[in-house]
Amino acid sequence: MTGVESRQMRNRRAVLAAARFGRPTTRLEIARMTGLSAATVSGLVADLIADGVLVELAQRVPAAGVAGGRPAAALAVNPALGALIGIHLAHAGVRILLAGVDGTVRAEHTHDIDVEHQPADTLEYVASTALDLVADLEIPHRELLGVGVAVSAPVLLHSQTLSSPPMLSDWGEVDIVARLGKRMGLPVHVGNDADLGALAEWRLGAAASVDNFVYVMLSEGVGAGLVLQGRLYGGDAGAAGELGHVPVVPDGHICRCGSRGCLETVVGARALAATLAHSHGPTCSFADLISLARQGDPGVRRLLGDAGRAVGTALAPVCTVLNPKLVIVGGTLAQTGEPLLTGIRETLARNVSPVTNRTPEVLPGALGTGAEALGAVITANQFADLG
């Protein structure tokens, strides 16, 4: 391959990466994202349309960042190119999505299972269920482009394996990529669930067009995904964003990571349900808490406000150091709404250093509890060969 041909292929891949799996975009926006000239982008887009990889939509999109600019023709990846599978392995359940390359969810399945202690059963369940969804929609196996997996544990960037010891206690020797790849006959890519939740909210949700933000996932566990300067930030090895293991209570409860007083021991699902045991009975569960919050239970509202203040305490130094534009709150607990968000906002307003000149806006995620699985689909899409 000549140098010119190699550069042409790199530019083609860059244009496709900017256009794939997100809101419809424009030639001008692709040029901004890739740094390529408008003429180069126009030529490559024409080639990709001719090859059936991109399609030009009937809708028109306002020119980004151009006051009074004329709306431009919208571009998207051709949905006929194939399908992708996204899987979220949380601590106590799984979510499985089947989606098109344009991001349209075509089928979805959730199931409660003890993921943390049943790795073999869990992987067999998600593989067989995903393939059943494919069969139900009569999608030929050749049209499946890959599988993405969001895991509630740090994922080592260089090996796609879980850190040791893993936050999923019985998964230390489990090679998710190899096992699912062999079972499903597809390429598999694994990422941390908070990271992939951030990716989904960035591409399709509340942080669209924002290149500096923190995504906080509050569910059975607690984590954060960081998007900095338009890139998902994983740290040196992939363990960035472990917000749940920031100490917030001196000499507090022992955390599963081995430390004391971690944020997860205060606002994780088990901790919150245990706190309600005195007022609502020992059988009160995390699901009960969510239901009580929606009913406006005063004790639960107080608990959620306290949880928000604990999250804000852990986030304040992060926001002082990184200076994000937004904090997006996702995960199951985000469904409880304003008491939680108000607690976070008030604490950040009080504790973020004034040298940053501004406190980040705190918003709920737009994609709900499916963000992490959708982020897994996006990851699979990023590695798929679309042409």
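Calculation rules
- Residues numbered from 1 in each chain as written.
- Predicted model: local features only at pLDDT ≥ 70, side-chain atom pairs only at ≥ 80, totals over all residues.
- Heavy atoms only, no water.
- Buried < 20%, exposed > 50% of the residue type's maximum accessible area, 1.4 Å probe, protein only.
- Helix = DSSP H or I, 4+ residues; strand = E, 2+ residues; numbered from the N terminus.
- Pairing = 2+ DSSP bridges.
- Contact = heavy atoms within 4.5 Å.
- Salt bridge = Lys/Arg side-chain N within 4 Å of Asp/Glu carboxyl O.
- Phe/Tyr/Trp six-rings, centres within 6.5 Å; stacked < 30°, edge-to-face > 60°.
- Lys NZ or Arg CZ within 6 Å of the ring centre and 35° of its normal.
- Axes fitted to C-alpha atoms, helices over the stretch in contact; angles between N-to-C directions.
- Lys, Arg positive; Asp, Glu negative; His and termini not counted.

Peer 1: How should I be thinking about the pairing of strand β3 (residues 83-89) in this particular structure?
Peer 2: The element β3 is extensively covered by neighbouring structure, given that seven of its seven residues are classed as buried. Bridge count between β3 and strand β4 (residues 93-100): seven bridges; the pairing is antiparallel. Directly across from H88, in β4, lies its bridge partner R95. A loop of three residues connects β3 with β4, the two strands running antiparallel in sequence. Two strands pair when backbone bridges link them, and β3 and strand β6 (residues 144-151) are joined in this way by six bridges, in the parallel orientation. Note on β6: the bridge partner recorded for H88 is A150.

Peer 1: Can you walk me through the environment of L304 in this structure?
Peer 2: Its location among the elements puts L304 in helix α11 (residues 298-322). Judged by its relative accessible area of 1%, L304 is buried. Sequence spacing of L304 and P339 is 35 residues, and the spatial spacing of their C-alpha atoms is 5.7 Å. Those residues within four positions of L304 in sequence are excluded, and the remaining contacts are L289, A293, L333, T336, P339 and L340.

Peer 1: Whenever I open this one, the pattern of salt bridges confuses me. Can you help?
Peer 2: Where charged atoms from two side chains of opposite charge come close, those side chains can pair. For the coordinates displayed, the defined rule picks out 11 salt bridges. For R27, the salt bridge goes to E56, with nearest N and O atoms at 2.8 Å. Here R27 is found in helix α2 (residues 27-34), whereas its partner E56 is found in strand β1 (residues 54-61), with 29 residues between them in sequence. Classification of R27 as partly exposed rests on a relative accessible area of 27%. Judged by its relative accessible area of 43%, E56 falls in the partly exposed class. What you see here is one network of salt bridges that share partners, running through E116, R256, E264 and R270.

Peer 1: Would you take a moment to explain the packing of aromatic side chains for this structure?
Peer 2: Note on aromatic pairs: each is described by the distance of the centres and the angle between the planes. Considering all chains together, one arrives at zero aromatic pairs under this definition. Note that R203 overlies the ring of W202, its terminal NZ or CZ placed 5.5 Å from the centroid.

Peer 1: Is there a simple way to think about the sheet that holds β3 in this case?
Peer 2: In sheet architecture, strand pairing relies on hydrogen bonds along the backbone and comes in two forms, parallel and antiparallel. Ordered in space as β5-β4-β3-β6-β7, the five strands form an open sheet in which the pairing is mixed. The open sheet has two edge strands, β5 (105-112) and β7 (188-192), and neither has a second partner. Neighbour-to-neighbour, the strand axes of the sheet open up by a mean angle of 15°, direction not taken into account. Set on the sheet, helix α5 (residues 176-184) makes contact with β3, β6 and β7; between it and β7 the angle comes to about 145°. Contacting β3, β6 and β7, helix α6 (residues 193-204) crosses the sheet at an angle of about 95° to β7.

Peer 1: Would you explain the side chain of D195 in this entry?
Peer 2: In this fold, D195 is placed in helix α6. One buried charged residue, D195, forms no salt bridge at all, with the nearest opposite charge on R203 at 14 Å. In this structure, D195 is in contact with A224, G225, L226, L232, G238 and A240, ignoring residues within four places of it in sequence.

Fair warning: the whole summary comes from geometry, so function is off the table for now.
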